[in-house]
Each structure stands twice: as C-alpha cells, then as structure tokens.
Amino acid sequence: MNIIGVTACTAGIAHTYIAKEKLVKAALEMGHTVKIETQGTIGTEDELTRQDVEKADIVIIAADIKVGGKERFTGKKVIEVPMQMVIKSPKALLQKIEEKLKG
Amino acid sequence: MKFKWSVIKQHLMTGISYMIPVVVVGGLCMALAKIFGGPMVGDQVNTIPWMINEIGKAAMMFVVPVLAAGIAYSVADRPGIAPGLVMGFIATNIKAGFIGGLVGALLVGYLIVFLRTRLKVPNSFRGLMPIMVLPLLSSFIVGLMMIGFLGEPIAYLQQGILEWMKSMQGGSKFILGAIIGAMMGFDMGGPVNKTAGLFAKGLMADKIFGPASAMIIGGMVPALGVALSVFVAKKKYTRAENEAAKAALPLGLCYITEGVLPFAASDPFRVIPACSIGAGVAGGLTLMWGTASQVPHGGIFVVPLMDHPLMFLLALLIGTIVTATILTLIKPNLKGEEEAEAEAEIGLNDLDIKIG
C-alpha cells in the first residue's frame, strides 16, 4: 500500500514524532511505502505534497487535536485514529486497514 | 453536529495545545524573575527582574483567552478564533477563569457551527459571513450570556475550587497529589493520563501550580522506576527489555512516560499497578511537601525553577524506588527466551474508514 498520514499530539513535542516513527517503522517492515507529516508545536514538517496525496491508497490521521489541512484529502480513503493506537499497535492497525481495504 | 465526549475532548486538547507555550513563557519568566529578584520582585519597579516578571504577567493574562480561542477554533475553524479570544478574556475579567473560558469557548464554537449551517444568506453576503456575521453574532450572544448570568455561578464554582485547593492541608493534599500521580502513571499518555493532565494544566491557568508538579512527577516516575527495576534485576527481563530500559531512563527524566510502553504492552498487569502506585506515592508526597511548578513541561530541566526543588527530587526518588521495588518483586523469572514483541489490540474493531 501507499500510505500517507498526519500525526499531531497535545503538547506537539514528543508523541507526534514517536507516532510517526512507529507508523513508518511498521509500514516499512510490512513492505508498504509511507510518508507521514508531523504537525507539532514547531510547525508542520514533511508536508504532504499534492503528488503524495494523489498517489496514496490510504490516509491515516493519528491525532489527539484538530489537524490542519484536512481538505487536501477530499475524495481519499481517510481513517482517523487516536495517537494511542498508533503508538501501541501500529502493525495491528495496518493489518486491519489492509483487510478492510480488500473488503 | 456531534456531541460525543471524545469529540469535545479533542477540542479541549486542541485548546490546551495552543495554551501550553503561553503558560511556558509566563511561568518561566515569573519563575526566573523570582530567582533573580526574590519573592517581592513585584515591588522592585524598573529593575531587570521586575521587567521579566512583567513579561510573565503579560503572558499569563493570555492563558485563558488563548485556550478559549484554540477550543473555539477547533470547533468552528477560523471564524471561532476571534470570538474565542473575547470569551476567554471575559472569563478572565469576571474571574470565571479556566472553566469559564472553556464553557464560553465551547458555546461560541458550537453556536458558530449552528449559525453557519442554519443561516441562509444571499450570495452577495456570503463573504460577510466569516468575517462579520458569525464572529459578531456569536460573540454578542454568548458574551451576553457569560456576563449576564453564566459567569457568576461559574466564577463562584471556580473560586470554590481554588479556595478548596488552597485550604487543603497535609493528608488531603497527599490524597489529591496521589490521585493525580496515579492517574498519570496509569496509562502512559492515554485517556486517564490526559484527564489528569487537563485538570492540572487547567488549574495553572488560575495560578494554582501545585498539581502541575504532581502531574510532572507522575509522568516521570513510571519510566524511571521501570528502568531502575531492569538495572537491579537484569535477569528478569529479556534482551529487548534491557535495551528498552536504556531508552526509558532519559525519556523518564524528560517527562515522556512513553518509555514504559514496551514494558506495559508485554506485561500490563504487573507494570501498570507498579507504575501507578509509585507515581501516586510521588505525586502525594510532592504536593504535601508544597512543591509547585509554574512550567507544565520539561521534566528534570524545570526542577530548578520549581518551588522546593529538593523536595521534588526526594519525592521523585521515593516514587521511583517504590515502582522499582514492587515491579522487581512481582516480576517472575524469565522462562526461556521470550522475545516476542507484544502489541496490544486496543479498540481495533471499531475502525472506521471514511471516503471523503
């Protein structure tokens, strides 16, 4: 799968990046391509480009707070999950998404 | 419109996330001013510490307005920002504080959402909606409500809570601190932890800084305690866990509870109680001993800026030892090489993929 996503946590200094790391690691191990944008207190980093969004099969939004720029994902398959889930069980989450996408 | 608690909590969290840097600036400036200028820094007009104190005070004025603006923005997007700021300032003015700002912001936000969907305007007026009609109408209505009749009972409630917190002595302070600490240690960044954090950070907006130190200590003890347990009883842990402990130590010192996650995920029924009890003891002691933190983040780095930093360190040490002792005692010896990295299956069944 071609996975893109956004992470954002309350303080915007730690979990945002932990969640990104977990998602990227799990996705790569499972053989997916992945790009995650972080919306931390420092600002948006690794911003998703229009090409990224176009190529994506699934958009994962892992956030405890309001995420900016959701309108970019109009028409895409979007899944919103709490940060906790991405940090605790990234692989199970990806597996589940894969199952759901296959129908 | 949805009124689910999880949605409302997300709005509150967004507000808090915008509020934190304001508290940090205000809290750090005031703490620094006190270090250089002494407790009476407010009277030493035109000295540098006094100026720093003034900067801190200025930032503190904006804590509730920024919180409210963030909440209203989360509910209603950009049209929510201005009315949110106004409601937050009104709440500060009428002494309805944190709770007042929160109520005002949610009301104004949802009112904007309501107006936006219900109010039908001719096309030529559409441009006026976000910059004039929505902010003005919502500020007008909720502002009148806040000043007219909502503010007073909230201010009353708020004052009551503050008085109660201030009047607490010894034992009851220990209990409050213990509850905050134990909640912080319970689920490492999960909902229980967030609720305790919301409470402690909210009180900071009203210049009650004690619970914040219980919150910080509760977030630090679990990772430190688990790391200590691994260092004294290496053989009870897998190789992966021994590695994870080396990461948990700095994470704990930096007030990032997630260092415990690898341990909690593979053995929740031993690790979570041990963390909660240690964090609870530390939280109770730190509040009872009168430590207070004007800064909501930073772990070990903000300890020098706290009131009674040595007491904080002592409570931290005791809590860490309690967690480590409990965990080491109840942890069984390893049976063979268990290297499986367990992943918790949490709520994966109600995943909801939306197209749109």
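The notes below deal with the structure included here. Predicted, not measured: the structure shown is a model, and the values here were computed from it. Each residue is numbered by its place in its chain's sequence as written, counting from 1. Here the convention is simple: chains get letters from A, ligands get numbers from 1, in the order in which they are written. In keeping with the predicted nature of the model, local features appear solely for residues at pLDDT of at least 70, side-chain atom pairs appear and are counted solely at 80 or more, and the whole-chain, interface and lining totals rest on all residues. Derived side-chain values reflect all non-hydrogen atoms in the structure, with water molecules and hydrogen atoms excluded from consideration.

Examining the overall build of chain A
Working step 1: Looking only at helices and strands, chain A features four helices and five strands.
Working step 2: A run of DSSP states H or I qualifies as a helix once it reaches four residues; a run of E qualifies as a strand once it reaches two. Both are numbered from the N-terminal end. When the helices and strands of chain A are placed in sequence order, the string is β-α-β-β-α-β-β-α-α.
Working step 3: Using C-alpha atoms as the atom set, the radius of gyration is obtained and then compared with a globule rule of 2.2 Å times the number of residues to the power 0.38. For a compact globule of 103 residues, the expected C-alpha radius of gyration is about 13 Å, and chain A comes in at 12 Å, within 12% of that figure.
Working step 4: Taken along its principal axes, the extent of the C-alpha atoms in chain A is 35 × 30 × 20 Å.
Working step 5: Contact between two residues is taken to exist if any of their heavy atoms lie within 4.5 Å; hydrogens are not considered. Of the contacts made within chain A by residues no fewer than 6 positions apart, 63% connect residues no fewer than 24 positions apart.
Working step 6: Only carbon and sulfur atoms are counted for the fraction: they give 49% of the accessible area of chain A, which is about 4600 Å². Areas reported as accessible are Shrake-Rupley estimates using a 1.4 Å probe. Residue values count occlusion only from the protein chains shown.

Notes on the pairing of strand β2 (residues 33-40) of chain A
Residue and element names in this part refer to chain A.
Working step 1: Pairing between strand β1 (residues 2-8) and β2: six bridges, direction parallel. The partner of Thr7 across the bridge, within β2, is Thr38.
Working step 2: In the classification by handedness, the crossover that spans β1, the intervening helix α1 (residues 15-29) and the parallel β2 is right-handed.
Working step 3: Pairs of strands are assigned from DSSP output, requiring at least two bridges between the strands. Of the pairings in the sheet, the one linking β2 to strand β3 (residues 43-45) comprises three bridges and is antiparallel in character. Orient the strands so they point away from the viewer; a crossover is then right-handed if the path from the first strand over the helix to the second runs clockwise.

Some details on the nonpolar core
Working step 1: Take the buried Ala, Val, Leu, Ile, Met, Phe, Trp, Tyr and Cys residues and link them wherever side-chain atoms come within 4.5 Å; each set so joined is a nonpolar core. For every residue, the accessible area (1.4 Å probe, protein chains only) is compared with the maximum for its type, and the residue is labelled buried under 20%, exposed over 50%, or partly exposed between those bounds. In this structure, Ile4(A), Ile61(A), Phe73(A), Leu12(B), Val63(B), Ile71(B) and Leu106(B) are the most contacted members of the largest nonpolar core, which totals 60 residues.
Working step 2: Elements with a contribution of two residues or more to this core: β1 and β4 (58-63) of chain A together with α1 (5-37), α3 (63-76), α4 (81-93), α5 (97-118), α6 (128-167) and α8 (191-205) of chain B.
Working step 3: The contacts of Leu12(B), once residues within four sequence positions are left out, are Trp5(B), Ile71(B), Leu102(B), Leu106(B) and Leu198(B).
Working step 4: Grouped together as the second largest cluster of nonpolar side chains are 36 residues, Met83(A), Ala227(B), Ala245(B) and Val260(B) included.

Section: the packing of aromatic side chains
Working step 1: Aromatic pairs are defined between Phe, Tyr and Trp rings, using the six-membered ring for Trp, whenever the two ring centres lie within 6.5 Å; interplanar angles under 30 degrees are classed as stacked, those over 60 as edge-to-face, and all others as tilted. The full count for this structure, using the stated rule, is two aromatic pairs over all chains.
Working step 2: Centre to centre, the rings of Tyr18(B) and Tyr73(B) are 6.1 Å apart; their planes meet at 90°, and the pair counts as edge-to-face. One end of the pair, Tyr18(B), is in helix α1; the other, Tyr73(B), is in helix α3, and 55 residues separate them in sequence.
Working step 3: Ring geometry for Tyr237(B) and Phe263(B): centres 6.2 Å apart, planes at 80°, overall edge-to-face. Of this pair, Tyr237(B) sits in the loop between α9 (210-232) and α10 (239-253) while Phe263(B) sits in helix α11 (residues 261-266); the two residues are 26 residues apart in sequence, bridging distant segments of the chain. Like Phe263(B), Tyr237(B) is buried.
Working step 4: By the criterion adopted, a ring carries a charge over it if an Arg CZ or a Lys NZ lies within 6 Å of its centre and within 35 degrees of its normal. Here the guanidinium or amino end of Lys66(A) rests over the ring plane of Tyr73(B), the centre of that ring lying 5.2 Å away.

Points about a nonpolar patch on the surface
Working step 1: Only residues whose relative accessible area exceeds 30% and that form no salt bridge enter a patch; like-charged residues are grouped when within 9 Å of one another, and nonpolar side chains (Val, Leu, Ile, Met, Phe, Trp, Tyr) when within 5 Å. Between Lys or Arg on one side and Asp or Glu on the other, a salt bridge is scored when a side-chain nitrogen of the former is within 4 Å of a carboxyl oxygen of the latter. Residues Leu119(B), Val121(B), Phe125(B), Leu128(B), Ile131(B), Met132(B), Leu136(B), Leu137(B), Phe140(B), Ile141(B) and Leu144(B) make up a contiguous nonpolar surface patch of about 1000 Å² in total accessible area.
Working step 2: Counting through the fold element by element, Ile141(B) comes out in helix α6.

So, unusual backbone geometry
Residue and element names in this part refer to chain B.
Working step 1: The backbone of Lys95 sits at a positive phi, close to 60°, despite the residue not being glycine.
Working step 2: Within the secondary structure layout, Lys95 lies in the loop between α4 and α5.
Working step 3: The phi angle at His308 is positive, at roughly 55°, despite the residue not being glycine.
Working step 4: Locating His308 in the fold gives a position in the loop between α12 (268-288) and α13 (309-330).
Working step 5: The partly exposed category is assigned to His308, whose relative accessible area is 46%.

Section: the pattern of salt bridges
Working step 1: Following the criterion strictly, the structure yields 10 salt bridges over all chains and no others.
Working step 2: Residues Asp77(B) and Lys66(A) are paired through a salt bridge, measuring 3.1 Å at the closest nitrogen-oxygen approach. Of this pair, Asp77(B) sits in the loop between α3 and α4 while Lys66(A) sits in the loop between β4 and β5 (77-81), on two different chains.
Working step 3: Classification of Asp77(B) by relative accessible area gives partly exposed; the value is 38%.

Topic: α10(B)
Residues and elements named next belong to chain B.
Working step 1: For α10, spanning 15 residues, the distance from its first C-alpha to its last is 22 Å, which sits close to the expected 21 Å at 1.5 Å a residue.
Working step 2: All buried positions along α10 are accounted for by Glu241, Asn242, Ala244, Ala245, Ala248 and Gly252.
Working step 3: The elements touched by buried residues of α10 are α9 and α11.
Working step 4: Tyr255 sits one or two positions beyond α10 and adopts a positive phi of about 65°. Here the expected span of a helix is defined as 1.5 Å times the quantity of residues minus one.

Focus on the environment of Ala264(B)
Working step 1: Position of Ala264(B) among the secondary structure elements: in helix α11.
Working step 2: Among residues more than four places away in sequence, those in contact with Ala264(B) are Met188(B), Val271(B) and Ile272(B).

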